[in-house]
Amino acid sequence: MSFVAEFNSLPVQTLLRRSPDITADAVRRSLAKSKSSLTDFAHLISPAASEFLEILSQRSRQLTQQRFGRVIRLFAPLYLSNECVNNCLYCGFSRDNPILRVTLSLDEVKQEADALREQGFRNILLVAGEHPKFVSNDYLRDCIAALHPDWPGISLEVGPLETADYRPLVTAGADGLVVYQETYDRGVYAEMHTAGPKRNFDWRLETPERAYAAGFRRLGISPLYGLADWRYEAICAAAHADYLLRNCWKAALTISLARLRPCAGEFQPLTRMSDRDLAQLVCAFRILFPDVGLVLSTRESPGLRDVLIPLGITLMSAGSHTEPGGYTGAGREKLHQTVRGRIVELASGASEWAPQPNRVTNATGQFEIADERSAGEVADLIRRLGYEPVWKDWDAALTA
Ligand code: SF4
């Protein structure tokens, strides 16, 4: 049975309806347990549990140090392409956004990756919009194969594929697959995804299982907070993680903590999740899943990232760019504009596309990042907090 069947019978609404009525005593009882259930998790993210944030933080910090030590793994996203056939209202790469697009060549991908390697990174996340013509399966395989000799950790965040199409990517050297469900609310999902293959909710929901069957040894999931009620999303993500831990148990699992950021199209979040809510959620996830990696990206501000590190985060991006060519300017001479998915001539001298100071390319990013510190600055901060930044945590020789 896939997670879709389990998801369809989840008592999420029951858990959620009770959330405002959860009492402090119920929170205390859940905190007293040595092993938490989904019901306990719902208690720990309830409004009542927000008053227990100090206790939640201590428990979460202690569990994280027991299971992971005082280390933070670092990774960098490398955007291969911002072409996309989908319309996702909250994303800068949406097909109908009239943005500047490019797909990097293999040499340009290497150029970007080499710049990240020089900064110290050994874990890379290859990101691309979903576009079978520009971002074909063969293109992805060739990118992975080109990077594999220099990169012990290669993860993908690309359009979902069939198991058979994932296998050559694993063989080429990819070991991780990240897929955001975006929202676990079917109604909101249908409203947000107005065109393209991504409209198929169930197909996306089953992606981690197909990736696992193909041999990926790291799986990452997450909602994008800001579309539906954050507590609903968190309960569904927890149920999803629980399913994957039971059924895809050979893979290491991560859950991201990602809130919506400003992007082209100027979509405004539909729901609010405060910084305090986010901190509470980090702790609740850690207490429910002591061994699951928790990921925090540069979507969050430096101040908040610094505070969340000791609470339970185990994996962070740093110095990120969300536009293809953002690290070195690779591909900038090939930029083209699309209007409703069609390439149009750029008006010569159009001032809105004039080179910007502090930017090496004018390719449009997926969203604005909030933590603009360099990777080195983030690593220094991690050390000052008493943690060790880890750039490389795997070697292909370990699987030989
Ligand atoms: S979220 Fe992904 S699929 Fe949707 S428009 Fe952005 S890149 Fe394309």
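Residues numbered from 1 in each chain as written. Predicted model: local features only at pLDDT ≥ 70, side-chain atom pairs only at ≥ 80, totals over all residues. Heavy atoms only, no water.

Caption draft 1: Seen up close, the overall build of the chain. In terms of regular secondary structure, the chain is built from 15 helices and 15 strands. In terms of overall size, the chain behaves like a compact globule, its C-alpha atoms giving a radius of gyration of 21 Å where 400 residues would be expected to give roughly 21 Å. Dimensions along the principal axes, computed over C-alpha positions, put the chain at roughly 65 × 45 × 40 Å. Out of the 400 residues belonging to the chain, those deemed buried represent 58%. For the chain, the proportion of contacts with a sequence separation of at least 24, taken over those separated by at least 6, is 78%. Where the 45 positive side-chain charges of the chain centre and where its 48 negative ones centre are 4 Å apart. (Helix = DSSP H or I, 4+ residues; strand = E, 2+ residues; numbered from the N terminus. Rg over C-alpha atoms; globule rule 2.2 N^0.38 Å. Buried < 20%, exposed > 50% of the residue type's maximum accessible area, 1.4 Å probe, protein only. Contact = heavy atoms within 4.5 Å. Lys, Arg positive; Asp, Glu negative; His and termini not counted. Charge placed at Lys NZ, Arg CZ, Asp CG, Glu CD.)

Caption draft 2: Structural view of unusual backbone geometry. For Glu182, which is not glycine, the phi dihedral falls at a positive 75°. Along the polypeptide, Glu182 turns up in strand β6 (residues 176-182). Unusually for a residue other than glycine, Glu266 sits at a positive phi of about 55°. Accessibility expressed as a relative area gives 65% for Glu266, which makes it exposed.

Caption draft 3: Fine view of the packing of helix α11 (residues 207-214) against helix α12 (residues 230-247). Packing of α11 against α12 leaves a shortest axis separation of 11 Å and a crossing angle of 20°. Considering their axes alone, α11 and α12 lie roughly parallel with respect to each other. Judged by the twist between their axes, the crossing of α11 over α12 is right-handed. Residue-level contacts link Pro208, Glu209 and Tyr212 of α11 to His240, Tyr243, Leu244 and Asn247 of α12. A per-class count over the contact of α11 with α12 returns four nonpolar, two polar and one charged. (Axes fitted to C-alpha atoms, helices over the stretch in contact; angles between N-to-C directions. Parallel < 35°, antiparallel > 145°, perpendicular 65-115°, else oblique. Left-handed = near helix turned anticlockwise from the far one by under 90°. Nonpolar A, V, L, I, M, F, W, Y, C, P; charged D, E, K, R; others polar.)

Caption draft 4: Spotlight on the sheet that holds strand β13 (residues 336-339). Sheet architecture is open: three strands sit in the order β3-β13-β14, paired in antiparallel fashion. Unpaired on one side and paired on the other, β3 (100-101) and β14 (342-344) mark the two borders of the sheet. In this structure, β13 lies alongside β14, joined through three bridges in antiparallel fashion. Counterpart to Val339 in the pairing with β14 is Arg342. (Pairing = 2+ DSSP bridges.)

Caption draft 5: Spotlight on the site of the ligand. Taken together, Cys84, Asn86, Cys88, Cys91, Phe93, Ser94, Gly129, Lys198 and Gln366 make up the full set of residues adjacent to the ligand. Residues belonging to the shell around the ligand are distributed by class as follows: four nonpolar, four polar and one charged. (Near = heavy atom within 4 Å.)

Caption draft 6: Structural detail: the nonpolar core. Core analysis: the biggest nonpolar cluster contains 112 residues, and Phe41, Leu281 and Phe285 have the highest contact counts within it. Here the element with the most residues in this core is α12; it accounts for 11 residues. Residues in contact with Phe41, not counting those within four places in the same chain, are Ala234, Ile235, Ala238, Leu281, Ala284, Phe285 and Leu288. One finds Cys84, Tyr90, Ala258 and Leu315 within the second-largest nonpolar core, a separate group that totals 25 residues. (Core = buried A, V, L, I, M, F, W, Y, C linked by side-chain atoms within 4.5 Å.)

Caption draft 7: How the structure looks around the side chain of Glu209. Residue placement: Glu209 occurs in helix α11. In this structure Glu209 is buried but unpaired, with Arg210 as the nearest side chain of opposite charge at 7.6 Å. Residue contacts for Glu209: discarding those within four places in its chain leaves Ser2, Phe3, Tyr243, Leu244 and Cys248. (Salt bridge = Lys/Arg side-chain N within 4 Å of Asp/Glu carboxyl O.)

Caption draft 8: Seen up close, the environment of Tyr184. Looking at the element boundaries, Tyr184 is found in the loop between β6 and α9 (186-192). The class for Tyr184 is buried, based on a relative accessible area of 0%. Once the C-alpha coordinates of Tyr184 and Asp229 are considered, the two residues, 45 residues apart in sequence, prove to be 9.9 Å apart. In this structure Tyr184 touches Phe7, Phe201, Leu205, Ile221, Pro223, Tyr232, Glu233, Cys236, Ala237 and His240, once residues within four positions along its chain are discounted.

Caption draft 9: Spotlight on helix α15 (residues 375-384). All buried positions along α15 are accounted for by Ala375, Val378, Ala379, Leu381 and Ile382. Taken around the axis of α15, the buried residues stretch over an arc of 160°, which confines them to a single face. On its buried side, α15 packs onto β1 (71-81), α6 (106-119), α14 (302-312), β12 (315-317) and β15 (388-390). (Arc of directions from axis to C-beta.)

Caption draft 10: View of the pairing of β13. For β3 and β13, the ladder comprises two bridges, and the chain directions are antiparallel. In the sheet register, Leu100 faces β13, and the bridge partner there is Gln337. Between β13 and the antiparallel strand that follows it, β14, lie two residues; Arg340 among them carries a positive phi value of about 50°.

Caption draft 11: Structural detail: the pairing of strand β9 (residues 252-256). Across the five residues that make up β9, a large majority, four, are buried. Here four bridges tie strand β8 (residues 218-225) to β9, and the two strands are oriented parallel to one another. Of the residues in β9, the one forming a bridge with Gly220 is Thr254. Once the chain exits β8 it traverses α12 before rejoining the sheet at β9, and the crossover so formed is right-handed. With three bridges connecting them, β9 and strand β11 (residues 293-296) associate as parallel partners. Each residue of the ladder has a partner; that of Thr254, found in β11, is Gly293. (Right-handed = clockwise from strand over helix to strand, strands pointing away.)

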